[in-house]
Amino acid sequence: MDWLELFISAGFWAAMLRIAAPLIFGTIGELVCERAGVLNLGIEGIMTMGAMTGWMWVFQGGSLWGGVMFAAFVGAMFGLLHAIFVVHLGLSQHVSGIGITLLASSLSYFVFRMILPDSTTPPKITPFQPINIPGLSDLPFFGEAFFSHTPLTYLALAIIPVAIYCIYRTPVGRAVRMAGENPVALEAQGIDVLHIRTGAVMVGSALMAIGGAYLTISAFDAFFFGMINGRGWICIALVIFASWKPGRALFGALLFAGLDAFQVRAQQLAGGAIPYQFFLMLPYLLSIGAMIVISKSMRYPKALLVPFRRGDRI
Amino acid sequence: MADLRINGVTKRFGTLTANDNVSLSVAGGEVVALLGENGAGKTTLMNILFGHYVADEGSVEIDGKTLPPGSTDAAIKAGVGMVHQHFTLAENLSVLDNIMLGTESLFSLTSKVGAARKKLQHLAKEYNLEVHPDALVGSLSVGERQRVEILKVLYRGARILILDEPTAVLTPAETEQLFVNLKNMVASGMSIIFISHKLHEILAISDRVTVLRHGAVVGEVATKDADRALLAEMMVGRKVSRPKAEIISAGEPIVELEKISIKGDKGMPMLLNEVSLTIRQNEIVAIAGVAGNGQRELAALLSGMQKPDGGSLLVEGKPVTKNNPNRFLQMGFGRIPEDRHHTGTVGEMNVWENLISEKLRQSPLWRYGRIIDFDACRKKAAELIEQFDIRCNGMETETRLLSGGNMQKLILARTLTADPKFILANQPVRGLDEGAIAFVHEQLLNARASGVGILLISEDLDEIFSIADQVAVIYHGRLSPLLNVRETDIGTIGAMMGGHMKEVA
């Protein structure tokens, strides 16, 4: 067995990007919500919903991009529901978020079963196909590793600079950041805090849903139970790891995905000498380690979890 | 030139009427001072004008047009700018981000940062408010943050500037600079509403004074016809004069410190260096000094929160061995802590809970030693609220919502009714208005007359010279010998606070 070979195989790097893509959507989505001061624990359910609705759209004869849009729309609606509870009514963000997760996951499975009551093996669709980028995809190693992916994977990578630009360089991004830092200051500058927070939660939730849809219409070709498998929670951790910065979120997602890609291959290499559960555990273990190291330099949004009620004594 | 009119505004929070039919008008180029004690409704009125709150009755007009209620956006567009007492800035954002927020259409895809920086620098120069545009607000001093707040308002092109207690956080030099800047702004045609309870500032800056008391306008006077005494009387509703201590002879020693030392961190000087001090019955002993010379450690020691590294503490002649706050309470120590928000009260708990919080395990508030008797507690709290005139929206109000003066009354009520033998009063009147100061001093003097020994830690020499009997100066952890207040003068103590100990002692 050759451990070095693992890292120089193009397949490893390609797998890393594939695993990272849904995490990137989810993490940026969560980051947008939290930057506006709203924790969205509905992410796990919203991703499940996105996975189901995106797939179902395509299965019913819609286009792949139509599936992405539909998933985003449904995600935004669940975001709106969360926002009504926590932004407008000022209820507990934890409770509402977990409620949204339970509701959206169960509803996804329920609707899936309603539409396809008696399929034992999950039906399949034709997912997004890899696009070879002309010129670059012929490069040895790099071509296979980085330039032969599905459009949704490229979109995930493109989301990062767009998010950075929007958050730091546009008026609405500035307002979102202020909503998460000091909502009273936002109101004092004549901007409606509730609108900004609601909008941010909806956009963030739409991104999460796209992350879910990625799994069913880009990475795989079917929807099955438990397929999000905690990815939403990983995204929550990645936002903290990233210290609420989109660039670092990309780094975190790639690091986690790299570990995950590594553990799958390491299982094979170890060939039973070490129980495979150990390798399954590795990415999570190292994530915890990374969080501990990073926690000292954390700069969290000051008004995260703090509801804003108009006309309250300030 | 803008013409502002507030017509008959009434605002209630629950059963508390914060503003009661208040009317006010401000013409262009005029400085109107809004004077009132803490909790008189000044800030509420301004928050209504600026659109943070919606008034229950009444309206706001600018240049004859009624402002839509509850819209800060409309207020800003009409030319109102507000510098809040608690700054509305985000520490994690840059100065420029804070200022540009809300100045551009939210849906524009780009932000004209370059132009904004130029405009900001131009304004900063014009009004002499230098500040680095790209610095994080978190890295700025309080004075600089206030400059950012004022620039923010100027950037929006405000014609009516509301300043809510702008000098509360400034040093005297910064205050002077602020006044120069304000006068420039007025000269360029701006109107200013200046909220304060500091009389000399109002006399210095305003053209006209409107006085609020208990939420209602009680009078209006041109500044040139006013003086301190008149304004103070209007504000408080009666003649106020700070009480003076009558001479009474001190009794037996209550608390004695013998060569108490507290070490500093490794390599740092001693925080308290062989401090000896005696406090007797019927006596107020003051510790004067600039903050940070060991007062904090002395206070912690006398609250039972810090163990001395050397020396001994005697209470009624017996040495104290166990240092814990509860035991100190049981020995008859009362405390008025320096920071009433953090160590004086629990802001999130109710007024009544705070009122009984130092009477844990005492009957009749506790039954069988462990069970709280809610009825008895509430009854007791109601008595204290009545007796000490604590203004709150009922005893179930969260304590953090109380004004500073009322919070201090709560602490006094709790401390004085526990029959203390000794009271540690650490900066008891900091940040309070005249009426509240007089009240606190009166209560401390009453306690002294009834036999309590009081240690007063203060930076305010006026306070020391009006109520203390003896004074010592603390400097770099060392304490000067006690001087009789009636035989020394402010100049001498002031010099000692600056470290000129030897010449005197």
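Residues numbered from 1 in each chain as written. Chains lettered and ligands numbered in written order. Predicted model: local features only at pLDDT ≥ 70, side-chain atom pairs only at ≥ 80, totals over all residues. Heavy atoms only, no water.

Caption draft 1: Spatial organisation of the overall build of chain A. A tally of helices and strands in chain A yields 13 helices and two strands. For 314 residues, the compact-globule estimate of 2.2 N^0.38 gives 20 Å, and the C-alpha radius of gyration of chain A, at 20 Å, lies within 12% of that figure. Scored against the burial criterion, the 314 residues of chain A give a buried share of 54%. By element, 71% of the accessible surface of chain A is carried by carbon and sulfur atoms, the whole surface being about 13400 Å². Charged side chains of chain A number 18 positive and 14 negative; the gap between the two group centres comes to 11 Å. (Helix = DSSP H or I, 4+ residues; strand = E, 2+ residues; numbered from the N terminus. Rg over C-alpha atoms; globule rule 2.2 N^0.38 Å. Buried < 20%, exposed > 50% of the residue type's maximum accessible area, 1.4 Å probe, protein only. Areas by Shrake-Rupley, 256 points an atom, 1.4 Å probe, with all protein chains shown as cover. Lys, Arg positive; Asp, Glu negative; His and termini not counted. Charge placed at Lys NZ, Arg CZ, Asp CG, Glu CD.)

Caption draft 2: Geometry of helix α11 (residues 231–241) of chain A. Residues and elements named next belong to chain A. Those residues of α11 not exposed but buried are Gly232, Ile234, Cys235, Ile236, Leu238, Val239 and Phe241. Those residues of α11 hidden inside the fold are in contact with α2 (10–35), α3 (43–59), α12 (246–270) and α13 (276–294). Within two residues after α11, Ser243 carries a phi angle of roughly 55 degrees, on the positive side. (Contact = heavy atoms within 4.5 Å.)

Caption draft 3: Up close: helix α8 (residues 228–236) of chain B. Residue and element names in this part refer to chain B. Where α8 is concerned, the buried positions are Leu231, Ala232, Met234, Met235 and Val236. In the core, the buried residues of α8 are packed alongside β3 (31–35), α7 (199–205), β9 (208–213), β10 (216–222) and α15 (434–449). Just downstream of α8 lies Gly237, where phi reads positive at about 95 degrees.

Caption draft 4: Expanded view of the interface of chain A and chain B. The interface is formed by 28 residues belonging to chain A together with 37 residues belonging to chain B. Contact between chain A and chain B buries roughly 2800 Å² in total, counting both sides, with carbon and sulfur atoms accounting for 55%. Taken together, chain A and chain B are joined by four salt bridges. Counting across the interface, chain A meets chain B through 13 residue pairs in polar contact (both at pLDDT 80 or more). (Buried area = accessible area lost by both parts, 1.4 Å probe. Salt bridge = Lys/Arg side-chain N within 4 Å of Asp/Glu carboxyl O. Polar contact = N/O pair within 3.5 Å; in protein donor to acceptor, adjacent residues only side chain to side chain.)

Take it as geometry only, folks, not as evidence of what the structure does.
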